[in-house]
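Observations on the three-dimensional arrangement
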Amino acid sequence: MNCPEVLNTLKSGADKKDINKTEEELGVKLPESLRDLLSIHDGQVDEGIGVIGNYYLLSLDEILYTQSTMKELLDNGDFEDFEPVEALGPVKRDFWWNPKWISIATNGFGDDICIDLDPGIGGNVGQIITFWHDLEERKVIAKSLEEWFEEVLVKLENGTYRLIEDQGELMFNEDGFTE
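My aim in this report is to walk through the structure given alongside it, one point at a time. (Residues numbered from 1 in each chain as written. Predicted model: local features only at pLDDT ≥ 70, side-chain atom pairs only at ≥ 80, totals over all residues. Heavy atoms only, no water.)

A few words on helix α2 (residues 16-26). Those residues of α2 that fall on the buried side of the exposure criterion are I19, T22, E23 and L26. Projected down its long axis, α2 carries its buried residues within an arc of 100°, all on one side. In α2, the exposed positions that point more than 90 degrees away from the buried face belong to K17, E24 and E25. Buried residues along α2 sit in contact with α3 (32-40), α4 (60-75) and β3 (101-106). Positive phi shows up at G27, right after α2, with a value of about 75°. (Buried < 20%, exposed > 50% of the residue type's maximum accessible area, 1.4 Å probe, protein only. Helix = DSSP H or I, 4+ residues; strand = E, 2+ residues; numbered from the N terminus. Arc of directions from axis to C-beta. Contact = heavy atoms within 4.5 Å.)

Sheet architecture is open: six strands sit in the order β1-β3-β4-β5-β6-β2, paired in mixed fashion. If you trace the sheet from one side to the other, it starts and ends with β1 (56-57) and β2 (86-88), each paired once. Note: β2 against strand β6 (residues 137-142), three bridges, orientation parallel. Bridge pairing in β6 links A87 to R138. On the sheet, α4 packs against β1, β3, β4 (112-116) and β5 (127-131) and is oriented at approximately 125° with respect to β3. (Pairing = 2+ DSSP bridges. Axes fitted to C-alpha atoms, helices over the stretch in contact; angles between N-to-C directions.)

Quick look at α3 now. When α3 is considered as a whole, its buried residues turn out to be S33, L34, R35, L37 and L38. Looking at the packing, one finds that the buried side of α3 touches α2, α4, β3, β4 and α5 (145-158).

As a further point, take the packing of α2 against α4. For any two helices packed against each other, the geometry is given by the interaxial angle and the distance between the axes. For the pair α2 and α4, interaxial distance at closest approach is 10 Å and the crossing angle is 5°. Taken together, α2 and α4 sit at an angle that is classed as roughly parallel. Judged by residue contacts, D18, I19, T22, E25 and L26 of α2 engage L60, I63, L64 and Q67 from α4. Of the residues contributing to the contact of α2 with α4, the split by class is five nonpolar, two polar and two charged. (Parallel < 35°, antiparallel > 145°, perpendicular 65-115°, else oblique. Nonpolar A, V, L, I, M, F, W, Y, C, P; charged D, E, K, R; others polar.)

Following the criterion strictly, the structure yields six aromatic pairs and no others. Here F79 and F82 contribute two aromatic rings whose centre-to-centre distance is 5.5 Å and whose plane-to-plane angle is 75°, an arrangement assigned as edge-to-face. With 6.5 Å between their ring centres and 50° between their planes, W101 and F131 make a pair best called tilted. In this pair, W101 is assigned in strand β3 and F131 in strand β5, connecting sequence segments 30 residues apart. The same class applies to W101 and to F131, which are both buried. Linked through ring pairs, F79, F82 and W96 together constitute an aromatic cluster. (Phe/Tyr/Trp six-rings, centres within 6.5 Å; stacked < 30°, edge-to-face > 60°.)

Further remarks concern the pattern of salt bridges. With the rule as written, the count across this model stands at six salt bridges. Between K29 and E23 there is a salt bridge; the shortest N-O distance is 3.8 Å. A relative accessible area of 56% means that K29 is categorised as exposed. Since its relative accessible area comes to 7%, E23 is described here as buried. Here E23 ties to R35 by a salt bridge, and the two come within 2.8 Å at their closest N and O atoms. Remark: R35 occurs in helix α3 and E23 occurs in helix α2; sequence separation between them is twelve residues. A single salt-bridge network, built from bridges that share partners, covers E23, K29 and R35. (Salt bridge = Lys/Arg side-chain N within 4 Å of Asp/Glu carboxyl O.)

This is the structure in structure tokens:
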């Protein structure tokens, strides 16, 4: 294992009934890959090292909280004066935030990695996109959760993606989703 320090931060899995309840509250059907991930690890404890690119995996409760907060902002019109979305890949530009973007990881500063359940033309339901709280850019970084994890695993195995010490803290040397 290239990063044993990260293993201790992963939470145990969620029950199937809790995953079903979350889907019901969100009003969506989550991709099987995300359901599987949540049943293995229901998020991650924030202990300084995110699983992928210093992004922490969200638990079911954190996913619900994020979606609720973003939906409230959207419904209140808080995004109406924002710049139009700049899509890099098949991402819909209709909203600053799309309720069908399900946050699965966060850096804790308002930037999230999302599963897109409402892709633009030519996109894939379940594609992985970036959401920056203060930038218009929405970028497709993988066609699926499986593809994204596979890319990260390859980088871990070949050593291009690794833990480094920066200002006394362990962190990854890159964000895990750049070329």
